[in-house]
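Coordinate analysis (summary)
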Amino acid sequence: MGKFVIKTTEKGSHFVLKADNGEVIATSQVYKSKDSCKKGIESVKRNAPDAEIVEEVVE
């Protein structure tokens, strides 16, 4: 099922999304407040449940 983990430092808060095995799947930007970080988590949950996969080639 995975879980979102909020980490707070002197620079602000960010979240990591971890798989069931503890491996980090995604890391967010650093938010100025923990409340903004929580809103970022809600945005990911709401906007990407069925996100398509797009592959880009970088040259």
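Note that this is a predicted model, so its numbers are computed, not measured.

On to the pairing of strand β2 (residues 12-18), then. Of all 7 residues in β2, 5 are buried, a share of seventy percent or more. As paired elements, strand β1 (residues 3-9) and β2 share 7 bridges and run antiparallel to each other. Following the sheet pairing, V5 is matched in β2 by V16. Taking the residues between adjacent antiparallel strands as the criterion, β1 and β2 are bridged by 2 residues. Of the strand pairs in this sheet, β2 and strand β3 (residues 24-27) are connected by 3 bridges, and their pairing is antiparallel. Bridge assignment links L17 to a residue of β3, and that residue is A26. Linking β2 to β3, which pair antiparallel, is a turn of 5 residues; within it G22 sits at a positive phi near 90°.

Attention now goes to the packing of aromatic side chains. Summed over all chains, the structure comprises 2 aromatic pairs. Their ring planes at 70° and their centres at 5.6 Å tell us that F4 and F15 sit as a pair that is edge-to-face. Of the two residues, F4 is situated in strand β1 and F15 in strand β2; the sequence distance between them amounts to 11 residues. Ring centres of F15 and Y31 lie 6.5 Å apart, and the angle between their planes is 15°; this geometry places the pair in the stacked category. Taken together, the positions of F15 in strand β2 and Y31 in the loop between β3 and α1 (34-47) put the pair 16 residues apart, joining distant regions of the chain.

About the cut-offs
- Residues numbered from 1 in each chain as written.
- Predicted model: local features only at pLDDT ≥ 70, side-chain atom pairs only at ≥ 80, totals over all residues.
- Heavy atoms only, no water.
- Buried < 20%, exposed > 50% of the residue type's maximum accessible area, 1.4 Å probe, protein only.
- Helix = DSSP H or I, 4+ residues; strand = E, 2+ residues; numbered from the N terminus.
- Pairing = 2+ DSSP bridges.
- Phe/Tyr/Trp six-rings, centres within 6.5 Å; stacked < 30°, edge-to-face > 60°.

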